[in-house]
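Examining the three-dimensional arrangement
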Protein chains: 2
Amino acid sequence: MPKLLKLSLMGVFLWMCACSPEKPAITTEETIVDPLPSWNQGATKSAIMEFVEDVIDPNSSNYVEPAGRIATFDNDGNLWSEQPLYFQLIFALDRVKELAGDHPEWQEKQPFKAVLEDDKQALLQSGEHGILELVMATHAGMTPEEFQQTVQDWLKTTSHPRFDQPYNKMIYQPMLELLEYLRAHDFKTFIVSGGGVEFMRAWVEEAYGIPPDQVVGSSIKTEFVVEEGKALVRRLPEIDFIDDKAGKPIGINKFIGRRPILASGNSDGDLQMMQYTAAGDGPSMMLYLHHTDSVREWAYDRDSHIGRLDQGLDEAKEKGWTVIDMAKDWNTIYPFQ
Amino acid sequence: MPKLLKLSLMGVFLWMCACSPEKPAITTEETIVDPLPSWNQGATKSAIMEFVEDVIDPNSSNYVEPAGRIATFDNDGNLWSEQPLYFQLIFALDRVKELAGDHPEWQEKQPFKAVLEDDKQALLQSGEHGILELVMATHAGMTPEEFQQTVQDWLKTTSHPRFDQPYNKMIYQPMLELLEYLRAHDFKTFIVSGGGVEFMRAWVEEAYGIPPDQVVGSSIKTEFVVEEGKALVRRLPEIDFIDDKAGKPIGINKFIGRRPILASGNSDGDLQMMQYTAAGDGPSMMLYLHHTDSVREWAYDRDSHIGRLDQGLDEAKEKGWTVIDMAKDWNTIYPFQ
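Owing to the predicted nature of the structure, the values given are computational and were not obtained by experimental measurement. (Residues numbered from 1 in each chain as written. Chains lettered and ligands numbered in written order. Predicted model: local features only at pLDDT ≥ 70, side-chain atom pairs only at ≥ 80, totals over all residues.)

Each helix and strand counted, chain A has 15 helices and eight strands in total. Computed over its C-alpha atoms, the radius of gyration of chain A comes to 22 Å, within 12% of the 20 Å expected for a compact globule of 337 residues. Viewed in the frame of its principal axes, chain A has a C-alpha envelope of about 80 × 45 × 40 Å. (Helix = DSSP H or I, 4+ residues; strand = E, 2+ residues; numbered from the N terminus. Rg over C-alpha atoms; globule rule 2.2 N^0.38 Å.)

Set out below in structure tokens:
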């Protein structure tokens, strides 16, 4: 029985009790607390809670042992916003400007020149290769500890142009509740994102309660060195692993070593993770977040450059996966609201 | 105060109580249970317990928050035995013999011919490249699920030549206690091994209580494919990552994302992991297991082909790391004894 149904029944019961005041009302935490208060009642919320209550029920044929309760979440556009540009890319552009003093050659060299002159046209023309050059120039050379410090400093000193909030506050309240709800039922929650793993590790534990070893992401290579007697790892300007599209199931197998039973994403980059999850032997739930809220967040899907959801939306509908309609299913977007 | 000291004091206290029988003896689980019963009393056991009690003490200057309590353990020769040959290599040789019927060409092709004819000389001559060929031929082509099944089947049907026990029973009882002791104090325990990650994932959760996502090891590449409508990952005959020597700190950074505060190993292949752990900002403990017990297990170090401990032993002594003397410090080796 979904918790909300229990809650309604409990409401009737409490009302009955109120008529006979000599009997104390029986209340337990389970019946009073809605674990997903930012989710509106409806098919989506019910589907999630019914799935969870089913797989944790030892008497259900869909019961899954705690060790098998693996849930994987995409990050950009799924746990936090990703508009008008992936926040990690905004970080990289900000870093180029900050480091430009040490790199006079960037004044005349693309794609750096485009960044320094705020020339979006030239930046777009530099394409994926240009973006990669920017990332390497700003993400490599230092230790992971030093890199994470620059990310944390950036989060403290910048804010989102539309909401005037630090980027790490642009996280979705309903997803925080879902993560917590799953963990309360012995799910192990992982991030599986195309974003940089060290970029995320700098802040996701505080934001989502997900520790560094439960973050799977794209990475650059590193080397082990001993410098002045101190052993450390140094980041190299070379791609190690791209955790996107087919890379997601590969990353899940590599880092987690178990097929998820719940996968949550929002773009075509998550489709293979969904397919991989759906193809497991036991029960599974695939959640696609559809950005439908142009007023409180953003509305985009098939034609978007960022977080494009096209093939994934078709496949979700065809296969009966759960599509979260942000405008309809969520009564709150951000914790600061 | 180490638990054992507490225990002794409690003994005195209980003896005093015995003199005045009207007062009930105060006993708590903490004071009665020795968490490391297979470890003999002495400097090694005290050093371990003092370290743990120090870092979990909120009033200590060495206090470490639970999130930072990362402990990494090598596997071969550290959590289970590795003589007369790495057990995974024995598995590979057994698999070659099992699969030989489907590969008539192996009868005349090295290093397979050497395996099929039990020709150790020729096998040794094939060197590292030959071993790699054997591993690829027996570890790739299938899904991780199928591969793990072959490992589990092998564990059920084979036994160690000297002890006549399944290989997954050749684990060290004192290390099981240490893992459990650390976890009881909110340490997160990881395997960081040169062994194959999928080979270990097949059995380590049951053996050590370490889940698949807390196993860091060497790996081969995989690809994502959809076969007959079913999404899966397939293992490819190509090396992805070698988690040994300098690869260990790199693997720790990649998979765990945090520097350990306790590292445990037994060979020169663990030295860089020890150096990396020792170079952390806070407290740290480096444990080197020295195989000194030719009667109950094996005795080997500087000249061994398997699990060679030479430079590591020197550095441990020079830097005051804790060297576990198996013969002296352990009163039990295997759980089946």
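Phe190, Ile191 and Val216 of chain A together with Phe190, Ile191 and Val216 of chain B are the most contacted members of the largest nonpolar core, which totals 144 residues. Aside from chain neighbours lying at most four places away, what touches Val216 of chain A is Phe190, Ile191, Val192, Val197, Asp243, Gly251, Ile252, Phe255 and Ile256 of chain A. (Core = buried A, V, L, I, M, F, W, Y, C linked by C-beta atoms within 7 Å. Buried ≥ 20, exposed ≤ 12 C-beta atoms within 10 Å, placed from the backbone. Contact = placed C-beta atoms within 7 Å.)

So, about the interface of chain B and chain A. Between chain B and chain A, the contact holds 29 residues from the first and 29 residues from the second. Of all elements in the fold, only strand S3 (215-227), strand S4 (230-241), helix H12 (247-256) and helix H13 (271-278) of chain B reach the threshold of two or more residues within the side of chain B that touches chain A. No other element matches the six residues that H12 of chain B contributes to the side of chain B that touches chain A. Tallied by class, residues from the side of chain B that touches chain A come to 17 nonpolar, six polar and six charged. (Nonpolar A, V, L, I, M, F, W, Y, C, P; charged D, E, K, R; others polar.)

Our focus in this paragraph is unusual backbone geometry. Residue and element names in this part refer to chain A. Following Gln110, the chain continues into Pro111 via a peptide bond in cis, with omega recorded as 5°. Relative to the assigned elements, Pro111 resides in the loop between helix H4 (87-99) and helix H5 (112-116). At Asp186, a residue that is not glycine, the phi angle is positive and equals roughly 65°. Structurally, Asp186 is set in the loop between helix H9 (173-184) and strand S2 (188-196). Asp186 sits in the partly exposed class, given 13 other C-beta atoms within 10 Å. Positive phi, close to 55°, is recorded for Lys245, a residue that is not glycine. Lys245 sits in the partly exposed class, given 17 other C-beta atoms within 10 Å.

It is worth spelling out H9 of chain A at this point. Residues and elements named next belong to chain A. Compared with the 16 Å implied by 1.5 Å per residue over 12 residues, the 17 Å span of H9 between its first and last C-alpha is a close match. Buried-residue contacts for H9 involve helix H3 (43-55), strand S1 (70-73), S2 and helix H11 (204-208). Just beyond H9, the residue with positive phi is Asp186, at close to 65°. (Expected span 1.5 Å × (residues − 1).)

This part covers the environment of Val226 of chain B. Along the chain, Val226 of chain B falls in strand S3. Using a count of 13 C-beta atoms within 10 Å as the deciding quantity, one classes Val226 of chain B as partly exposed. The contacts of Val226 of chain B, once residues within four sequence positions are left out, are Gln275 of chain A together with Ala231 of chain B.

Here we take up the relation of the copies chain B and chain A. Each copy superposes on the other: chain B lies on chain A with an RMSD of 0.0 Å after a rotation of 180° and an axial shift of 0.0 Å. Both copies of the chain, as the preceding transformation shows, are related through a two-fold rotation axis. If distances are taken from each C-alpha of chain B to the rotation axis, the shortest is found for Phe255 of chain B, at 3.3 Å. Most of the interface of chain B is mirrored in chain A, where 100% of its interface residues are also at the interface. (Least-squares fit on C-alpha atoms with pLDDT ≥ 70 in both.)

How big an interface is tends to be stated in terms of accessible area lost as the parts join. Residue and element names in this part refer to chain A. By domain assignment, chain A separates into domain 1 (1-33), domain 2 (40-83 + 168-329) and domain 3 (87-157). The C-alpha centroid of domain 3 is placed 26 Å from the C-alpha centroid of domain 2. Residue-level contacts link 16 residues of domain 2 with 14 residues of domain 3. Among the secondary structure elements, those contributing two or more residues to the side of domain 2 that touches domain 3 are S2, helix H10 (197-201) and strand S4 (230-241). The dominant element in the side of domain 2 that touches domain 3, judged by the number of residues it contributes, is S4, at six residues. (Domains from an automatic or database assignment.)

Okay, helix H3 (residues 43-55) of chain B next. Residues separated by three or four positions in an α-helix point in the same direction, a consequence of the helix having 3.6 residues per turn. All names here are of chain B. With 13 residues, H3 extends 18 Å between its outermost C-alpha atoms, agreeing within 8% with the 18 Å of an ideal straight helix rising 1.5 Å per residue. All of the buried residues in H3 are Thr44, Lys45, Ile48, Met49, Val52 and Val55. End-on, the buried residues of H3 take up no more than an arc of 140°, which puts them together on one face. (Arc of directions from axis to C-beta.)

What follows is about the confidence of the model for chain A. Scored by pLDDT, chain A comes out at a mean of 92, with 91% of its residues at no less than 70. Reported confidence for the predicted complex is 0.90 by ipTM and 0.90 by pTM. (pLDDT = per-residue confidence, 0-100.)

With that out of the way, let us pick up the packing of H12 of chain B against H13 of chain B. Residues and elements named next belong to chain B. Their axes nearest at 7 Å, the elements H12 and H13 cross at an angle of 55°. Looking at the two axes, H12 sits oblique to H13. Contacts from Lys248, Pro249 and Ile252 in H12 reach Gln272, Met273 and Tyr276 in H13. Partitioning the contact of H12 with H13 into residue classes produces four nonpolar, one polar and one charged. (Axes fitted to C-alpha atoms, helices over the stretch in contact; angles between N-to-C directions. Parallel < 35°, antiparallel > 145°, perpendicular 65-115°, else oblique.)

All names here are of chain A. With respect to the helices, strands and loops of the structure, Ile210 is situated in the loop between H11 and strand S3 (215-227). With 22 C-beta atoms counted inside 10 Å, the residue Ile210 sits in the buried group. Sequence spacing of Ile210 and His129 is 81 residues, and the spatial spacing of their C-alpha atoms is 31 Å. If we skip the residues at most four places from it in the chain, Ile210 touches Thr189, Ile191, Val204, Glu205 and Val215.

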